[in-house]
Amino acid sequence: MSQILIQQFLNELTTLKKVSGSLSESVIREAFKDLLKGWAKQSGLVFAPELRMESAQKTAVIPDGTILHDLRVPLGYWESKDT
């Protein structure tokens, strides 16, 4: 992962903490999403927010983000949690 992307993310977290006084899930979610989107783009992948999938038990699963290859093959999932 690019040092530039990581530094942008850390700078955004610092700003968010100063302004909000918190680093809860709802505060850091967008900054982390930007980090994942930037990394995916650099790696020739696609970031899809809240992509609905069906589990083996036939229930709906909606992670906060999914990193996909071009052919819609998932590489990884992101579920936002508090720091």
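Going by the structure above, here's the rest.
Bear in mind the structure is a predicted one, so any value in this text is a computation, not a measurement.

1. Describing the overall build of the protein
Secondary structure summary: the protein contains two helices and five strands in total. Reading the secondary structure of the protein in the N-to-C direction produces α-α-β-β-β-β-β. Projected onto the principal axes, the alpha-carbon positions of the protein cover approximately 45 × 25 × 15 Å. Sorting the 83 residues of the protein into buried and exposed places 31% on the buried side. The long-range fraction of contacts in the protein, counting pairs at least 24 apart against all pairs at least 6 apart in sequence, stands at 31%. Within the structure as shown, the protein displays about 5800 Å² of accessible surface, and the carbon and sulfur contribution to it stands at 55%. Taking the average location of the 10 positive side-chain charges in the protein and that of its 10 negative ones, the two points are 1 Å from each other.

2. Comments concerning the pairing of strand E4 (residues 65–68)
Every regular strand shows the same layout, with side chains that alternate between the two sheet faces. Here E4 shows no split at all, with Gly65 and Ile67 on one side and Thr66 and Leu68 on the other all buried. In this sheet, E4 lies alongside strand E1 (residues 46–49) in antiparallel orientation, the contact comprising four bridges. Counterpart to Ala48 in the pairing with E4 is Thr66. Of the pairings in the sheet, the one linking E4 to strand E5 (residues 74–78) comprises four bridges and is antiparallel in character. Across the sheet, residue Gly65 finds its bridge partner in E5, namely Trp78.

3. Overview of the sheet that holds E4
On the basis of which strands lie adjacent, the open sheet formed by three strands has the order E1-E4-E5 and antiparallel pairing. In this open sheet, the two edge strands, each paired with only one partner strand, are E1 and E5. For this sheet, the mean angle separating the axes of adjacent strands, direction not counted, is 20°. Most of the contacts of helix H2 (residues 25–42) go to E1, to which it runs at about 150°, and overall it touches E1, E4 and E5.

4. Structural notes on the packing of aromatic side chains
By the definition in use, this model includes three aromatic pairs. Summarising the aromatic geometry, the rings of Phe9 and Phe32 are spaced 5.7 Å apart at their centres and angled 70° between planes, so their arrangement reads as edge-to-face. In this pair, Phe9 is assigned in helix H1 (residues 3–20) and Phe32 in helix H2, connecting sequence segments 23 residues apart. A relative accessible area of 15% means that Phe9 is categorised as buried. We classify Phe32 as partly exposed; its relative accessible area is 27%. A connected cluster of aromatic rings, assembled from ring pairs, spans Phe9, Phe32, Phe47 and Trp78.

Reading the values: rules and limits
- Residues numbered from 1 in each chain as written.
- Predicted model: local features only at pLDDT ≥ 70, side-chain atom pairs only at ≥ 80, totals over all residues.
- Heavy atoms only, no water.
- Helix = DSSP H or I, 4+ residues; strand = E, 2+ residues; numbered from the N terminus.
- Buried < 20%, exposed > 50% of the residue type's maximum accessible area, 1.4 Å probe, protein only.
- Contact = heavy atoms within 4.5 Å.
- Areas by Shrake-Rupley, 256 points an atom, 1.4 Å probe, with all protein chains shown as cover.
- Lys, Arg positive; Asp, Glu negative; His and termini not counted.
- Charge placed at Lys NZ, Arg CZ, Asp CG, Glu CD.
- Pairing = 2+ DSSP bridges.
- Axes fitted to C-alpha atoms, helices over the stretch in contact; angles between N-to-C directions.
- Phe/Tyr/Trp six-rings, centres within 6.5 Å; stacked < 30°, edge-to-face > 60°.

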